[in-house]
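What the coordinates show
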Amino acid sequence: MHPDLYAYFTGSWRFTRSMLGTDKLVIGEADGCAEFHSCEANCLQYKESGQLRLAADQRIVSFTRRFDYRIEGDVVHVAFADGVQAGQAYQSYRYDPAQKALLPLEIHLCILDRYDGRYVLIDADRFDLHTRIEGPHKDYLLHTQFKRAIG
């Protein structure tokens, strides 16, 4: 039995994100806010905004990103909703009840870089997103911790 993924994600979240190199050294750290809003049946619009602090020079960079989440039972299809890739598929995931996680159905390729993500649903108010990015242009791990915003 899978949770109601639509209801689970809907709402406001706060997040912290670490970007680690293959040597486990911190490349950058970010924090911000994320929202999952209903846009149509079985579809949520995701928007995040925050600030990234780069470890190398302590520079702070503001960012926003948007994705569309289409939920079909225990499968979640994520598509880009901004930038030059708007409307293109990003990744699809299937809920695995044994791991309480959304696991990728395939790897996303961006030119020659591979993106491999998984969502771990910790409890009703917390989930983690682990994304491994590797290839000739990028080689790091993103770990994003989400906590439901209250009030």
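Residues numbered from 1 in each chain as written. Predicted model: local features only at pLDDT ≥ 70, side-chain atom pairs only at ≥ 80, totals over all residues. Heavy atoms only, no water.

**Some thoughts on the pairing of strand E5 (residues 75–80)**
This is how the line gets drawn: Burial classes follow relative accessibility: with a 1.4 Å probe on protein chains only, a residue under 20% of its type's maximum area counts as buried, one over 50% as exposed, and anything between as partly exposed. Helix and strand labels come from DSSP, where a helix needs a run of H or I of at least four residues and a strand needs a run of E of at least two; each type is numbered from the N terminus. At least two DSSP bridges between two strands are required for those strands to pair.
Summarising burial for E5: five of the six residues are buried, a large majority. In the sheet, strand E4 (residues 60–72) pairs with E5 via six bridges, with the strands oriented antiparallel. Residue Glu72 lies in a different strand from E5, and its bridge partner there is Val75. Adjacent in sequence and paired antiparallel, E4 and E5 are bridged by two residues, among which Gly73 carries a positive phi angle near 65 degrees.

**Let's talk about the pattern of salt bridges**
Here is the rule we go by: By definition, a salt bridge exists where a carboxyl oxygen of Asp or Glu is found within 4 Å of a side-chain nitrogen of Lys or Arg.
Tallied over the entire structure, the rule returns eight salt bridges. Where Glu48 meets Arg17, a salt bridge forms, and the shortest distance between an N and an O atom there is 2.8 Å. Taken as a pair, Glu48 in strand E3 (residues 43–54) and Arg17 in strand E1 (residues 11–21) lie far apart in primary sequence, 31 residues in all. In this structure, Glu48 and Arg17 share a single accessibility class: buried.

**Observations concerning the environment of Phe9**
Within the secondary structure, Phe9 sits in helix H1 (residues 5–9). When the C-alpha atoms of Phe9 and Phe36 are compared, they prove to be 6.3 Å apart, with 27 residues separating the residues in sequence.

**Some thoughts on the state of the cysteines**
Heads up, the rule is: By convention in this document, the label disulfide applies to cysteine sulfur atom pairs within 2.5 Å.
Taken as a whole, this structure holds zero disulfides when the rule is applied. Between Cys43, a free cysteine, and Cys39, which holds the nearest cysteine sulfur, the sulfur-to-sulfur gap is 3.2 Å.

**As for the confidence of the model for the chain**
Under the convention used in this document: Every residue carries a pLDDT, the predictor's confidence in it, which falls somewhere between 0 and 100.
With 92% of its residues at a pLDDT of 70 or more, the chain shows a mean pLDDT of 89. Taken element by element, the predicted model of the chain shows its lowest mean pLDDT in strand E8 (residues 108–110) (59) and its highest in E3 (97).

**Quick notes on the side chain of Glu48**
Inclusion rule: Polar contacts here mean pairs of N or O atoms no more than 3.5 Å apart (in protein, one a potential hydrogen donor and the other a potential acceptor; neighbouring residues in sequence count only if both atoms are side-chain atoms). Contacts: residue pairs with any heavy atoms within 4.5 Å of one another.
Taking relative accessible area as the criterion, Glu48 reaches 6% and is therefore assigned buried. In terms of polar contacts, Glu48 uses its side chain to reach the side chain of Arg17, at 2.8 Å. Not counting residues within four places of it along the chain, the set of residues in contact with Glu48 comprises Phe15, Arg17, Cys33, Ala34, Phe63, Thr64 and Arg65.

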